[in-house]
Amino acid sequence: GKSGYDHYMLKEIHEQPRALRQAISGRIDDLGTEVELDVGLPEEYLHSLEEIQIIACGTSYHAGLYAKELLETHADIRVTVHIASEYEFTGDRDPWRTLVLAITQSGETADTLSALREANRAGARSLALTNTLGSTVTREVDDTIFIRAGPEIGVAATKTFVSQVATATLLTVHLGMIRGSLTGQTVDALLNSIQDLPGAVQQILDQESTIKRAAQQYADSDAFFYIGRQAGYPVAIESALKLKEIAYDHAEGFPAGELKHGPLALVTPDTPVIALLTAGTNAEKTQHNITEVASRGAPTIGLTGSPDVDPDLDLTFEIPECGLMEPVAANVALQLFAYHVANEKERPIDKPRNLAKSVTVE
Ligand code: F6R
């Protein structure tokens, strides 16, 4: 059941600290200095890997974009991220040195399975990141890493997104250590940030009433724009998707720097602009974009660790310190924001019109 919550989505949002602890459990050694992730692919292979091609849809694709940021920076490996329905295998010089990483909560998404089959036929190795034991994807890859988020009933993916990113971070440290691309200091920083994440998420959940008030204040807006850089970008587009799905409002995420190349024309006093300004998002540059939209009269909300960061912000949602996981923590605040906008409009949050939890047709 919904354990007293009005919707499964809200219950699942609140389950995130626990889901994250499960994702991490037993996968970091007692000293907190090493990852113990059971990846069946031989170390030699992971060492000589040339490229990772991530294939995924929807929210899982956004987790893939986040994973790319982490893997390219810390595991010294080229990563391309593909919307599964657009994927064509291209690593044909030495397909064996290409690892295809299928990210899929359900393990049953037809577009993702079809892309995976193409890569398998071409001779690539494959790995699944999924939430679902015994799912189709697990039978068609060389190995699987489970995100252990527990069942997700709400159509909108919430806890599975944060668990995908946390698990991808562990994979990044695992690969980085095998490939010799990580210093002890960076390993510490990454592992500390993952271990700090469940507590940080709890602190965000404790601010729900503030976020709810903001959602009620802006629920009648013409559209919602989300901007971010680096790891803030996948969070921006993921947060926009959440709002579209459950509130049926127009919402878009943009790389903050792209605003001035077109979308700025859409900005009015009736389009709130929500900016990712945490660690790992090149926040200083994004502040210029806030100034630009504020001068056009747009309401502005910033997700930041330092509430006084920008005088142009109308509102801030405070994000507790957790290093490179801060954008993920910010995502939780924006799940709550989307939820409360949708709830204010009395939408059927757990079963949005036209959508299914698992999309098994191409
Ligand atoms: C969004 C959402 C969808 C799924 C997408 C992929 O809230 O739930 O965008 O993320 O259909 O599903 P999986 O991860 O099961 O492959």
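Residues numbered from 1 in each chain as written. Predicted model: local features only at pLDDT ≥ 70, side-chain atom pairs only at ≥ 80, totals over all residues. Heavy atoms only, no water.

Some words on the overall build of the protein chain
Inference 1: Helix and strand counts for the protein chain come out as 12 helices and 10 strands.
Inference 2: A compact globule built from 362 residues should have a C-alpha radius of gyration of about 21 Å, and the protein chain, at 20 Å, falls within 12% of that.
Inference 3: Seen through its C-alpha atoms, the protein chain measures out along the principal axes to roughly 55 × 45 × 40 Å.
Inference 4: Counting over 362 residues, the protein chain shows a buried share of 59%.
Inference 5: Across the protein chain, every contact between residues at least 6 apart in sequence was considered, and the portion connecting residues at least 24 apart equals 75%. (Helix = DSSP H or I, 4+ residues; strand = E, 2+ residues; numbered from the N terminus. Rg over C-alpha atoms; globule rule 2.2 N^0.38 Å. Buried < 20%, exposed > 50% of the residue type's maximum accessible area, 1.4 Å probe, protein only. Contact = heavy atoms within 4.5 Å.)

Observations concerning the sheet that holds strand S8 (residues 273-276)
Inference 1: Sheet architecture is open: 5 strands sit in the order S7-S6-S8-S9-S10, paired in parallel fashion. Of all strands in the sheet, those bounded by a partner on one side alone are strand S7 (251-255) and strand S10 (315-318). Direction aside, the axes of adjacent strands within the sheet are offset by 20° on average.
Inference 2: Direction of pairing for strand S6 (residues 224-228) relative to S7: parallel, over a ladder of 5 bridges. If you follow Phe225 over to S7, its bridge partner there is Glu252.
Inference 3: Here helix H9 (residues 208-218) sits on the sheet in contact with S6, strand S9 (300-304) and S10, set at roughly 145° to S10. (Pairing = 2+ DSSP bridges. Axes fitted to C-alpha atoms, helices over the stretch in contact; angles between N-to-C directions.)

A look at the site of the ligand
Inference 1: The local shell around the ligand holds 13 residues, among which Ser60, Thr104, Gln105, Ser106 and Thr109 are the closest.
Inference 2: Thr59 is positioned with one of its backbone polar atoms (N or O) 3.1 Å from an oxygen atom of the ligand.
Inference 3: Here Gln105 contributes a backbone N or O atom positioned 2.7 Å from an oxygen atom of the ligand.
Inference 4: Relative to its unbound accessible surface of 410 Å², the ligand loses 90% to contact with the protein.
Inference 5: Elements represented by at least two residues in the shell around the ligand include exactly helix H4 (58-74) and helix H10 (232-247).
Inference 6: If one sorts the elements of the shell around the ligand by residue count, H4 sits on top with 3 residues.
Inference 7: Among the residues making up the shell around the ligand, the classes are represented as 4 nonpolar, 7 polar and 2 charged. (Near = heavy atom within 4 Å. Polar contact = N/O pair within 3.5 Å; in protein donor to acceptor, adjacent residues only side chain to side chain. Areas by Shrake-Rupley, 256 points an atom, 1.4 Å probe, with all protein chains shown as cover. Nonpolar A, V, L, I, M, F, W, Y, C, P; charged D, E, K, R; others polar.)

Overview of the sheet that holds strand S4 (residues 125-130)
As a general point, the strands of a sheet are linked pairwise by backbone hydrogen bonds and lie either parallel or antiparallel.
Inference 1: The sheet built from 5 strands is open, its strands ordered S2-S1-S3-S4-S5 with parallel pairing. At either end of the open sheet lies a strand with only one pairing partner, and these are strand S2 (78-83) and strand S5 (143-146). Put simply, the sheet's adjacent strands are angled 20° from each other on average, direction ignored.
Inference 2: With 4 bridges connecting them, S4 and S5 associate as parallel partners. When the sheet's bridge partners are listed, Ala128 is paired in S5 with Thr144.
Inference 3: Strands in contact with H4 are strand S1 (51-56), S2 and strand S3 (98-104); relative to S2, the strand with the most contacts, it is inclined by about 170°.
Inference 4: Sheet strands touched by helix H5 (residues 110-122): S1, S3 and S4. Its angle to S3, the strand with the most contacts, is close to 165°.

Let's talk about the side chain of Thr104
Inference 1: Assignment of secondary structure puts Thr104 in strand S3.
Inference 2: Judged by relative accessible area, Thr104 falls into the buried class, the value being 3%.
Inference 3: Apart from residues lying up to four places away in sequence, Thr104 is in contact with Ser60, Thr109, Thr112, Leu129, Thr130, Asn131, Val137 and Gln164.

Things to note about unusual backbone geometry
Inference 1: Within the chain, Ser3 stands out as a residue other than glycine whose phi angle is a positive 50°.
Inference 2: Among the secondary structure elements, Ser3 is positioned in the segment before helix H1 (8-14).
Inference 3: For Ser3, a relative accessible area of 58% puts it in the exposed group.
Inference 4: For Arg148, which is not glycine, the phi dihedral falls at a positive 55°.

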